Structures are given as C-alpha cells and as structure tokens.
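# Notes for the structure review
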Amino acid sequence: MGLVLGDAWLWAAVTWSPPDYAGFYARDGFDTSTTAALLVTALVKAALLWLILRAPVPGALDREEKVLRRLLYLAAAYGLVLWYPIGLLPYVVAVVFQLALWTAIYVFYLLVIRWRSRVLRAAAGAIFVVELAKMANELLDELDLPEFGSGGIVELGLMLGGAAAIIVTVIGQWRDGRWSQGTLVAGWSSVGVYALVIPLNILFEGIFSGNVVMPVVMDAAGLISIVWIAATARELPTESLPVDLPPRRRRMMRVGVAAVAVLPIISQIHPEQTAHLTYTGWSMDCYDRPSFGDLKPAERNAAFLCRARSTDSGVPPMFPEGLSDQAVLAYGRALCRAKDRGEQEAILTRAGSARPAWGADPWDLVYVCPEIVGATHPELLRSSTQTEEANTAYVDEQNAKCRDPWPRTKGVVQATANYFLFVDGDPGYLVHDPGDKAGDKASERAMDKVYDDDSADIGVGGSAVLVGHIEDVSDVCLTVKAFRTAPPRRTAGWYQVTEVPIVSRSGRLTVPEMGDGEVGAGGPMPNLAIRGKGRYRLRVYVRLADAGEEHLVVVFPGASRATLKLKRGRGPY
C-alpha cells in the first residue's frame, strides 16, 4: 500500500508514525535502495509485532501478578502507539507518565519475581532506584529545579542504570524459572539494543546524517525491548512452567536475534567515498576553541574538523559540508605544505570551497601539521596556561621599558605603565570617570571632537577626555600623577603640552586598564580624583623618547573650563 500511495505512506507503514514525518527525514524522496531497505525493515517489524501481540499464557494469577501484567502491557502499548498522543502534550507530561509507570513496574518486579536470593533482590532494588533517579533527574530538569548532580560519576551511573535494570531483571526471571528461553533471549537482546542506542545516535548525527534508513533501524531495534516486556507479561502464570526449546531451535533463535540486531547496521556501511562527518558546522562539541597545547594528540584532528566546518557569524565553511572527514584532513595537510597563498587558493578551489581566496590561517592548520606551523609560529603550540604566562611576561617587559619622566616630583597618587593600543585605527586613550552614568555619551563626544577636528590631539567631553597619539604607534609609555594644587608647567623637553578641563561626577578619574582585553594600561591605574567629585584640570605632556612615544598626564583640582595650549608641537621629530 505504501508503494502505491507514495514515499510518505511507505514511511508511515514502516515506522507507524504520521506520514508528514517523512518530509523531515527525506525531503527529496526515497531512492531505490532506501525503499528496498524500508521494505525489509517492515518485514522484520511485522515479525516482532506478531511476537508482541501473542495471546497470554493461560493460568491463574494472584493480585500482584495481575497488576504487573497490566502495567507491562501498558508499557508495551506506550512503546507502540501511546508515545504519539502523549508526545503532543508538554514533554513534562511524558516524563511524569514514564516515571510513575516504571516506579510501579519495578515495585511489582520485586514482589512478583521469585529472586531466590535476598542479596539479588536487594541489588535489584538498588539498581531500580538508580534507573528511577535518572527519570526523576530528567523531571527536575524539565521543572527547572536543582538536579541530583552533574559530576562524571553521577552521570555515568545514571546512564548505565537502564542496562543494569534489564540485566538484573533477566537474571531474576532465569532464577524464577517460569519464563521461557525465548523470553530470556529477548531480555538479553534488549541489553544489546540499549548498549547500541548511544553509538547509533552518534552515527545518525554524524556518519549517517541525512540517511533515512537509520531512524527506521533504530525504531525496529527498539521493538526488541517491547517483545521482552510483552513476553514477560504473557508468561506470568505459575501453573504451567515452560518447556525449554530443543538445542537446535535455541541456536536458530540466537542467530535470528543477532541478525535482526546486526544486519540492518551492516547494510548501512557504505564504501569509503561516502562522506563520514564526525562534526558539522553546528555540532555542540565545536563551540569551544581549545588551544593546541591543551589537546591530546588524538583530539587534534577533531579540533581541525570543527574549525574547517565552522560557520560562525554566517561565514561559509572552509570546505563543503558533504566532504568526508578523511578528505578534509587530507586537504588540510596539503594546505600546510602549500608554498604561498596562491597555492592554498588552488587547493581550496579543487576541494570545492566556497571561499578559496581566503586561504587557510596557521592557527587553524596547526592542529593537523604542528611540526610545519610550529616552525614559523611557535606561539601557536602553547597551552592556554603557557599563552597566559607569555602574555604576562610580555606586558611586564613592556612596562619595564617605561620610566617616570618626573621622578623627583611625586604626586599624591601616581603610576607608570605601557598603554597598549590597537595596531590600526586606535585614536588614543581615555582619561574618564568610570562611575558616570552618562560616561558612554561623554566618551563619544570626546572622540567626535578628535575626529571632527584633524588638528585636535585631545577631545574633551565633560567626564571623559580622549588623548591622541602623535605617531603611528601601537602603544605609548604613560605616566599619570595627581596633585592637590597645580604643579609647575615645566614644558622644556616636551613636544607639546595641553591643559583641558575634566569633571568627576562619581568621585573617580582614571585610565582604562588592559585586563582581559587587548587594549589598556599594562598595570594598575590609580584614582586621580583625589578630592572626590568636582572639577579638575588635566594637563597632558607628549614627546618621543628612546622607549617610544611618552605621555605624562597630570591631574589637579581646578574650576577653569578653558583649553590651554601651553606648548605647540612644530614640525616632525
């Protein structure tokens, strides 16, 4: 019927889900091989459904056994059909339903199964509690309440709780004796299915991304657990214990179960030319950008794959999305050996890149060829700790080059440090009131005055003053001093000296520090508003010295609002 009505109805017939789901998995329709795989899967699911729907074994049941049978059939019905209508409700409803259902099932497992060992029964109870804790943890997450824990041991224990619960239940059934060999085989197969859930999901998101057969295979494998649940409910009566199957039939059953679990997976293994995609541009694991030195050798290829497929800020990836991991890594190593940017462009063009003219940067290539990139950029081989230590050492070295130009004239507070600027286009540095609520507007006014007047080297904006540099430099040696009264002018030896007004509205005046950014003073800067809130005068001395461009900023109380050019620079240095 599905073949006649089209792909959507073929999907519905095989997966027992609405036809519109097919549009999500296969927008362009099914090819011949996919259709054939779906038909084979349909036959397998039909055989498993026949096992699920077999009539219960006749026999008397006590009250606990009757309740357990109904609960198990409810769990089987949920796995077959009830998941869809419940899925239309808020997700928290499904979590509560599952938690309540399996809490009841586990309690009656402990009451009904003849464990024949107090230790085994206690172990089963402890394992059931762990599995229920996993469900309860999910409910707490949905309700935005504190969870049980997020440590590695806690997460590993909760993840393994489901498989352990199945294992201990099957052992209990075997010791009880009322369940047939087929039911026990189905139980052990359920453990295998549970163990395959995580790798199958990874394959579906990576290697098999875009392959419509994988979700169907996973859905069919999930029916094995329902077969076991239904068989457990069917064989609950104790009067007629099952007769073991002949050895030949038992071997055939094991082979059949193995075929159902393994053959669909093997059928999806494609030739090497099919793309193996471990990471895509939106993979969660690719959001972090670790330093090369922080990674183990086995992790470096994955870091390059993430960067090569990154689409941050809407930028197209370095390589086409469908290119396999092996091909991306091979092209990456070829880019490392390229002699120049032109050769890199040719390699990227051959690979089908959407941005071949951009080439490849060494901080991306270092992950696949550290021996090549490290020869010219050894700093890229560092760990984050080593990078931080190197940056601190560099800042300290630059600060050490700067000297106080007025060593004998001590301010109430003072400091000397290197001020780091952006290499291109940075107009200068601010002396400002960081506590002023309108500080951003004041800074904008100060910057506008510098840009609007090409001859202006200082822009005044109320609580902010922008001090420009006279040379095309990336940093300046900066000394700041605060005095209670105006110090002598002492303009000799300076290229230019300018005095302007500035106001402190919060009782603070200072210079931005470098901190975690790329610009700012390389050392602590004091509060220059030594009298608190009010008006001050700011005098800026500028000259070129052996250490480079040197600035002296002097601040003292003063009500004047005049701008004074105490010394004007004349001609080039």
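Residues numbered from 1 in each chain as written. Predicted model: local features only at pLDDT ≥ 70, side-chain atom pairs only at ≥ 80, totals over all residues. Heavy atoms only, no water.

## What to know about helix H7 (residues 118-142)
Look at H7: 36 Å from first C-alpha to last across 25 residues, which is about the 36 Å you get at 1.5 Å a residue. Every buried residue belonging to H7 is among Leu120, Ala124, Gly125, Phe128, Glu131, Leu132, Ala133, Met135, Ala136, Asn137, Leu139 and Leu140, and all of these are buried. Between a side-chain oxygen at the N-terminus of H7 and the backbone nitrogen of Val119 the separation is 3.4 Å; the capping residue is Ser117. A positive phi of about 55° marks Asp144, the residue just after H7. (Helix = DSSP H or I, 4+ residues; strand = E, 2+ residues; numbered from the N terminus. Expected span 1.5 Å × (residues − 1). Buried < 20%, exposed > 50% of the residue type's maximum accessible area, 1.4 Å probe, protein only. Polar contact = N/O pair within 3.5 Å; in protein donor to acceptor, adjacent residues only side chain to side chain.)

## Examining the environment of Val366
Tracing the backbone shows Val366 in the loop between helix H15 (362-365) and helix H16 (370-376). The spatial distance from the C-alpha of Val366 to the C-alpha of Arg300 is 8.9 Å, given a sequence separation of 66 residues. Excluding its chain neighbours within four sequence positions, the residues that come into contact with Val366 are Phe292, Val373, Leu380 and Leu381. (Contact = heavy atoms within 4.5 Å.)

## Re the environment of Gly523
Structurally, Gly523 is set in the loop between strand S7 (520-521) and strand S8 (534-545). Since its relative accessible area comes to 13%, Gly523 is described here as buried. Gly523 sits 108 residues away from Ala415 along the chain, and the two C-alpha atoms are 8.2 Å apart. Apart from residues lying up to four places away in sequence, Gly523 is in contact with Asn399, Ala417 and Glu513.

## Focus: a negative patch on the surface
A cluster of acidic residues, Glu138, Asp141, Glu142 and Asp144, forms a negative patch on the protein surface. Checked against the element boundaries, Glu142 lands in helix H7. (Patch = residues over 30% accessible without salt bridge, like charges linked within 9 Å, V, L, I, M, F, W, Y side chains within 5 Å. Areas by Shrake-Rupley, 256 points an atom, 1.4 Å probe, with all protein chains shown as cover. Salt bridge = Lys/Arg side-chain N within 4 Å of Asp/Glu carboxyl O. Lys, Arg positive; Asp, Glu negative; His and termini not counted. Charge placed at Lys NZ, Arg CZ, Asp CG, Glu CD.)

## Brief notes about the state of the cysteines
One pass over the full model with this rule turns up 2 disulfides. With a sulfur-sulfur separation of 1.7 Å, Cys336 is cross-linked through a disulfide to Cys369. A torsion of -70° about the S-S bond marks the disulfide between Cys336 and Cys369 as left-handed. One end of the pair, Cys336, is in helix H13 (residues 325-337); the other, Cys369, is in the loop between H15 and H16, with 33 residues separating them in the sequence. Looking at Cys336, the relative accessible area reads 10%, which means it is buried. Judged by relative accessible area, which is 2%, Cys369 ranks as buried. Between Cys402 and Cys477 runs a disulfide, and the two sulfur atoms are separated by 2.0 Å. The disulfide joining Cys402 to Cys477 has a torsion of about -75° about its S-S bond and is therefore left-handed. Remark: Cys477 occurs in strand S5 (residues 475-482) and Cys402 occurs in the loop between helix H17 (384-400) and strand S1 (413-420); sequence separation between them is 75 residues. The same class applies to Cys402 and to Cys477, which are both buried. (Disulfide = S-S within 2.5 Å.)

## Thoughts on the environment of Gly461
The residue Gly461 is located in the loop between strand S3 (458-460) and strand S4 (464-468) in this model. Since its relative accessible area comes to 4%, Gly461 is described here as buried. Spatially, the C-alpha atoms of Gly461 and Ser443 are 6.3 Å apart, while their sequence positions differ by 18 residues. When neighbours within four sequence positions are excluded, Gly461 is seen to be in contact with Ala442, Arg445 and Ala446.

## Re the pattern of salt bridges
What the rule picks out here adds up to 13 salt bridges. Salt-bridge contacts for Arg505 lead to Asp436; the nearest nitrogen and oxygen are separated by 3.0 Å. Placement of Arg505 in the loop between strand S6 (496-504) and S7 and of Asp436 in the loop between strand S2 (428-432) and helix H18 (439-452) is noted, with a sequence separation of 69 residues between them. When its relative accessible area of 45% is taken as the criterion, Arg505 is described as partly exposed. For the salt bridge of Arg539 with Glu499, the shortest nitrogen-to-oxygen distance reads 2.9 Å. Of the two residues, Arg539 sits in strand S8 while Glu499 sits in strand S6, which places them 40 residues apart along the sequence. When its relative accessible area of 2% is taken as the criterion, Arg539 is described as buried. Salt bridges sharing common partners tie together Glu65, Arg114, Asp176 and Arg178.

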